[in-house]
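Report on the structure
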Amino acid sequence: MTTRNEQIMNSIYMYIEQDLAGANLNSIARKMQMTDSHLSRVFKKNTGSNFSEYLSERKLEEAAKLLSQDTKIKV
């Protein structure tokens, strides 16, 4: 990955982590001043997976973490 690509990917990851519950392709593309399709292509090119898959996995990871931390939460 080039330095520019690393910066773009780091920004995408940062935006996702800042608002994991509300993150979506459109909102992050707007923050990055890109079109949805361009952000999607850049993400796929640099990670090998698509944005939606990554976001779903990230949300599931966070949910699992929260459930394992608090045994009083009912599923």
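A brief structural summary. Computed from a prediction, not measured in an experiment: that's the story for all the values here.

Okay, the nonpolar core next. Of all hydrophobic cores here, the largest spans 16 residues; its most connected members are Ile 12, Ile 16, Ile 28, Met 32, Leu 39 and Phe 51. When residues of this core are traced back to their parent elements, those giving at least two are α1 (3-18), α2 (25-32), α3 (36-47) and α4 (51-69). The contact partners of Leu 39, leaving out residues within four places of it in the chain, are Ile 12, Leu 25, Ile 28, Ala 29, Met 32, Met 34 and Phe 51.

Packed helices, taken two at a time, are described by the angle between their axes plus the distance between the axes. Two elements in contact, α2 and α3, have axes separated by 9 Å at closest approach and are oriented at 95°. Relative to α3, the element α2 is oriented roughly perpendicular. Counted together, Leu 25, Asn 26, Ile 28, Ala 29 and Met 32 of α2 and Asp 36, Leu 39 and Ser 40 of α3 form the full contact between these two elements. A breakdown of the residues in the contact of α2 with α3 according to their chemical character gives five nonpolar, two polar and one charged.

Moving on: the packing of α1 against α2. It is at 10 Å that the axes of α1 and α2 come closest, and there the two elements cross at 130°. In terms of axis orientation, α1 runs oblique to α2. The hand of the α1/α2 crossing is right-handed. Of the residues in α2, those in contact with Ile 8, Ser 11, Ile 12, Tyr 15 and Ile 16 of α1 are Ile 28, Lys 31 and Met 32. Looking at the contact of α1 with α2 residue by residue, the class counts come to six nonpolar, one polar and one charged.

Reading the values: rules and limits
- Residues numbered from 1 in each chain as written.
- Predicted model: local features only at pLDDT ≥ 70, side-chain atom pairs only at ≥ 80, totals over all residues.
- Heavy atoms only, no water.
- Core = buried A, V, L, I, M, F, W, Y, C linked by side-chain atoms within 4.5 Å.
- Buried < 20%, exposed > 50% of the residue type's maximum accessible area, 1.4 Å probe, protein only.
- Helix = DSSP H or I, 4+ residues; strand = E, 2+ residues; numbered from the N terminus.
- Contact = heavy atoms within 4.5 Å.
- Axes fitted to C-alpha atoms, helices over the stretch in contact; angles between N-to-C directions.
- Parallel < 35°, antiparallel > 145°, perpendicular 65-115°, else oblique.
- Nonpolar A, V, L, I, M, F, W, Y, C, P; charged D, E, K, R; others polar.
- Left-handed = near helix turned anticlockwise from the far one by under 90°.

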